Amino acid sequence: MKQRGQVVIDKILDTAERLFYTQGYSNTGINQVIEEADIAKASLYKHFETKTDLLVAYIQRTHERWHSRLQAAIDKVTDPKDKLLAIFDYHIERQEIRQFGGCPFIKANDEAGTSDPRVLAEIQATKVHSKSIIKKLVAASGHQKNLTDQELSELIFFTLEGALTSVSVFKQTAELKAAKKIIKKLI
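Here goes a summary of the coordinates provided. Sequence order sets the numbering: in each chain, residues are counted from 1 along the sequence as written. Given that this is a predicted model, residues contribute local features only at a pLDDT of at least 70 and side-chain atom pairs are listed and counted only at 80 or more, while totals for whole chains, interfaces and linings are drawn from all residues. Water and hydrogen atoms play no part in the side-chain values, which are based on all heavy atoms of the structure.

## Some points on helix α8 (residues 149–170)
- Between the first and last C-alpha of α8 there are 31 Å, a value that for 22 residues agrees with the 32 Å anticipated at 1.5 Å per step.
- Each residue is assigned to one of three classes by its accessible area relative to the maximum for its type, calculated with a 1.4 Å probe on protein chains only: buried under 20%, partly exposed between the two thresholds, exposed over 50%. Think of it this way: any DSSP run of H or I at least four residues long counts as a helix, any run of E at least two long counts as a strand, and we number them from the N terminus. For α8, the set of buried residues is Leu-152, Ser-153, Glu-154, Ile-156, Phe-157, Thr-159, Leu-160, Glu-161, Ala-163, Leu-164 and Val-167.
- Residues of α8 that are buried in the fold lie against α5 (80–97), α6 (104–112), α7 (117–141) and α9 (174–186).
- The positive-phi residue at the C-terminal boundary of α8 is Lys-171, with phi of around 55°. Helix span is expected to be 1.5 Å times the residue number reduced by one. Residues are treated as being in contact if the distance between any of their heavy atoms lies within 4.5 Å.

## A word on the environment of Gln-124
- Examined against the element boundaries, Gln-124 turns out to sit in helix α7.
- For the pair Gln-124 and Phe-105, spaced 19 residues apart in the sequence, the C-alpha separation amounts to 8.8 Å.

## Regarding the packing of α5 against α8
- Axis geometry follows a simple rule: fit a line to the C-alpha atoms, using only the stretch in contact for helices, then measure angles between N-to-C directions, giving values from 0 to 180 degrees. Put simply, α5 and α8 touch, their axes get as near as 11 Å, and they point 15° apart. In terms of orientation, α5 and α8 fall into the roughly parallel class. Considering the relative orientation of α5 and α8, their crossing is right-handed. In contact with Leu-84, Ile-87, Phe-88, His-91 and Gln-95 of α5, α8 contributes Ile-156, Leu-160, Leu-164 and Val-167.
- Its residues assigned to classes, the contact of α5 with α8 shows seven nonpolar, two polar and no charged. Oblique is the label for every angle not falling under 35 degrees (roughly parallel), over 145 degrees (roughly antiparallel), or within 65 to 115 degrees (roughly perpendicular). Note: crossing handedness is left-handed where the near helix turns anticlockwise from the far helix by less than a right angle, and right-handed where it turns clockwise. For this scheme, ten residues count as nonpolar: Ala, Val, Leu, Ile, Met, Phe, Trp, Tyr, Cys and Pro. Four count as charged, namely Asp, Glu, Lys and Arg, and the remainder, Gly too, count as polar.

## Quick notes on the pattern of salt bridges
- We define a salt bridge as a contact between a side-chain nitrogen of Lys or Arg and a carboxyl oxygen of Asp or Glu at a distance within 4 Å. According to the stated counting rule, one finds 12 salt bridges in the structure shown.
- The residue Arg-61 makes a salt bridge to Asp-10 at a minimum N-O spacing of 3.9 Å. Of the two residues, Arg-61 sits in helix α4 (residues 51–75) while Asp-10 sits in helix α1 (residues 4–23), which places them 51 residues apart along the sequence.
- Taking relative accessible area as the criterion, Arg-61 reaches 10% and is therefore assigned buried.

## Examining α1
- Relative to the 28 Å expected for 20 residues at 1.5 Å per residue, α1 spans 28 Å between its end C-alpha atoms, a close match to the ideal helical length.
- Here the buried face of α1 lies against α2 (30–37), α3 (41–47), α4, α5 and α6.
- A positive backbone phi angle near 100° is found at Gly-24, which sits one or two residues after α1.

## Some words on the packing of aromatic side chains
- What counts as a ring pair is set by centres within 6.5 Å for rings of Phe, Tyr and Trp (its six-membered ring), and what kind of pair is set by the plane angle: stacked under 30 degrees, edge-to-face over 60, tilted for all other angles. Summed over all chains, the structure comprises three aromatic pairs.
- Where Phe-20 meets Tyr-25, the ring centres are 5.3 Å apart and the plane angle is 70°; that geometry is what we call edge-to-face.
- A residue is classified by how much of its surface remains accessible, and Tyr-25, at 10% relative accessible area, is buried.
- In this arrangement the basic side chain of Lys-51 is found over the ring face of Tyr-25, its NZ or CZ atom lying 4.4 Å from the centre. The criterion for a charge sitting over a ring is simple: Lys NZ or Arg CZ within 6 Å of the ring centre, and within 35 degrees of the ring normal.

## Quick word on unusual backbone geometry
- One non-glycine residue, Asp-38, lies in the positive phi region at around 55°.
- Secondary-structure assignment places Asp-38 in the loop between α2 and α3.
- Under the relative-accessibility criterion, Asp-38 is labelled exposed at 63%.
- Its identity as a non-glycine residue notwithstanding, Lys-171 has a phi of 55°, on the positive side.
- On the secondary structure map, Lys-171 appears in the loop between α8 and α9.

Right, dumping it as structure tokens:
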């Protein structure tokens, strides 16, 4: 059973996650978070001294959840090459759920990545983590070796990032599916 403080934190973060992702960090006021989370102003400030503190916590929790869900998707697959492709399947599914809104970390970076070094550091940590997952999967994949492990890892990362940006522009997963198809030919 969750402690009362954790219940309040979760309410705040659930609300911030929805608002920051759908309407943006800059367009979301602290009073809106308080109202929609149905909490007292003192409760918010007890856990998050500033709006930036709330953003950092949102990024951290989103990263933890992203990793957990991605790892579960990868773990469902047994073939090493298909594990790499599972990354694309995971992102296709998430973008459909999120109604093609793009990457939450890129969105936060666009709005607040330079406003506080903690925000940028958290966003960079998510991308470094994504690269490390790809690198491990590439190393274990037994790919065709037309590219080095490093080159293929970078290519997959950049292709994935570009496809996620395209998803948010074109409001469909076609670019992610095309990226998966291209990477499949290379592995």
